[in-house]
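Observations on chain architecture
Single-letter residue listing:
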Amino acid sequence: MEKIKIQTVCGFGCGSSLFLRMKIEGILKANGVDATVFCGDVGTCLTNECDAIFISEELSERIKDRASVPVFAVKNFMNTAEVTEKVLSFIQDKQQ
Amino acid sequence: MDDLIRKENIQIGVDAPSWQDAVRGAGNLLLQAGSITTQYIDEMIQAVVELGPYMVLMPGFALAHAAPSAAVLRDDISLITLKTPVAFGNAENDPVKVVLCICCKDRESHRTTLQRVALSVMEDGMIDNMATAKSVDALMALLQNA
C-alpha cells in the first residue's frame with residue numbers, strides 16, 4: 001500500500017497548519033503509524049494530492065462540500081484526545 | 001540553546017480592549033524589531049476578518065499571522081499575554097489570553113523554530129501557565145523548558 005498522505009490546512013499554509021502538522025506527527029509516532037503529513041493553504045488545498053485533510057473547524061466550512069477526500073475539522077489543536085481520535089479513525093478506515 | 005523567542009519580542013500584561021488591539025499589540029513588537037512594516041499588522045487583522053477567527057487554535061490562544069508578503073522584512077516571532085482576556089469570536093476557544101505573532105518571508109523559512117515553538121505551546125497547561133507568568137523571564141523559562 002502506498003504511504004498515507006495527510007494534508008493539514010490553514011489560511012496561508014504556514015501558520016496553524018504547521019501546528020496541526022506537529023500535533024498529528026506526534027500522534028502518528030506515538031501510535032506507530034507511518035504516514036506523511038504536509039501543510040497546505042485553504043485556497044489551493046483541494047488541488048493537492050492527499051488521502052485526508054485536517055483543518056480547523058472554522059475553515060472546514062469553506063472546503064468540506066467540495067473536497068474529494070475526507071475532511072476532519074479540529075476544534076482544539078492541543079486536545080490530544082480529539083486529534084488522536086480523528087487521526088486514528090481515519091487511519092483505521094484507510095487500512096481496511 | 002538559542003532563545004526560541006527573543007526577550008525584546010515578549011511582553012506580558014498587554015492592555016488590549018479588543019481583538020484588533022491584541023493583534024496590534026503583538027504585531028507592534030515585530031514592528032519595533034524591524035521585522036515587518038505596519039502593512040503586515042493590517043494584513044493580520046484583515047486575515048481574521050476574511051477567514052474568521054480560526055486562528056484561535058486552542059482555548060485561550062491565538063496565532064496571529066498573515067501570508068508571507070513584501071511587508072515581512074525578516075522571519076520573526078513575538079508573544080504577548082493580555083491583561084484582560086479578549087474574545088476573537090471563536091465560540092470554542094475564546095477568550096484569548098496569549099497571542100503568538102509570526103511573520104515569515106516564505107513558507108519554508110523559519111520552519112524549524114516555529115516547530116519548536118508549536119510543540120512548546122501545545123504542551124498541557126502551557127497556555128494557562130504562560131498567561132499567569134509574572135515576568136518576561138518567567139515566560140521565557142516556560143517556553144525554553146517545555
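Residues numbered from 1 in each chain as written. Chains lettered and ligands numbered in written order. Predicted model: local features only at pLDDT ≥ 70, side-chain atom pairs only at ≥ 80, totals over all residues.

The name that an unreviewed UniProt entry assigns to chain A is PTS EIIB type-2 domain-containing protein, with the source organism given as bioreactor metagenome.

Remarks on the pairing of strand β4 (residues 76-86) of chain B
Residue and element names in this part refer to chain B. Burial runs high along β4: eight of the eleven residues are buried. Here strand β1 (residues 10-14) pairs with β4 via three bridges, running parallel. Each bridged residue has a counterpart across the sheet, and for isoleucine 10 the counterpart in β4 is leucine 79. Here seven bridges tie β4 to strand β5 (residues 96-103), and the two strands are oriented antiparallel to one another. In the sheet register, isoleucine 80 faces β5, and the bridge partner there is valine 99. (Buried ≥ 20, exposed ≤ 12 C-beta atoms within 10 Å, placed from the backbone. Helix = DSSP H or I, 4+ residues; strand = E, 2+ residues; numbered from the N terminus. Pairing = 2+ DSSP bridges.)

What about the interface of chain B and chain A?
Counting from both sides, the interface comprises 25 residues of chain B and, opposite them, 18 residues of chain A. At the level of elements, α2 (38-51), β2 (56-58) and α3 (111-121) of chain B are the ones that each hand at least two residues to the side of chain B that touches chain A. For the side of chain B that touches chain A, the leading source of residues is α3(B), giving five residues. (Contact = placed C-beta atoms within 7 Å.)

A closer look at the sheet that holds β4(B)
Residue and element names in this part refer to chain B. Spatially, β1-β4-β5-β3-β2 is the arrangement adopted by the five strands of the open sheet, whose pairing is mixed. Either end of the sheet is taken by a strand with one partner, and the two such strands are β1 and β2. The mean angle between the axes of side-by-side strands here comes to 25 degrees, regardless of whether they run parallel or antiparallel. Against the sheet, helix α1 (residues 19-32) touches β1, β3 (61-64), β4 and β5, its axis set at about 150 degrees to β4. (Axes fitted to C-alpha atoms, helices over the stretch in contact; angles between N-to-C directions.)

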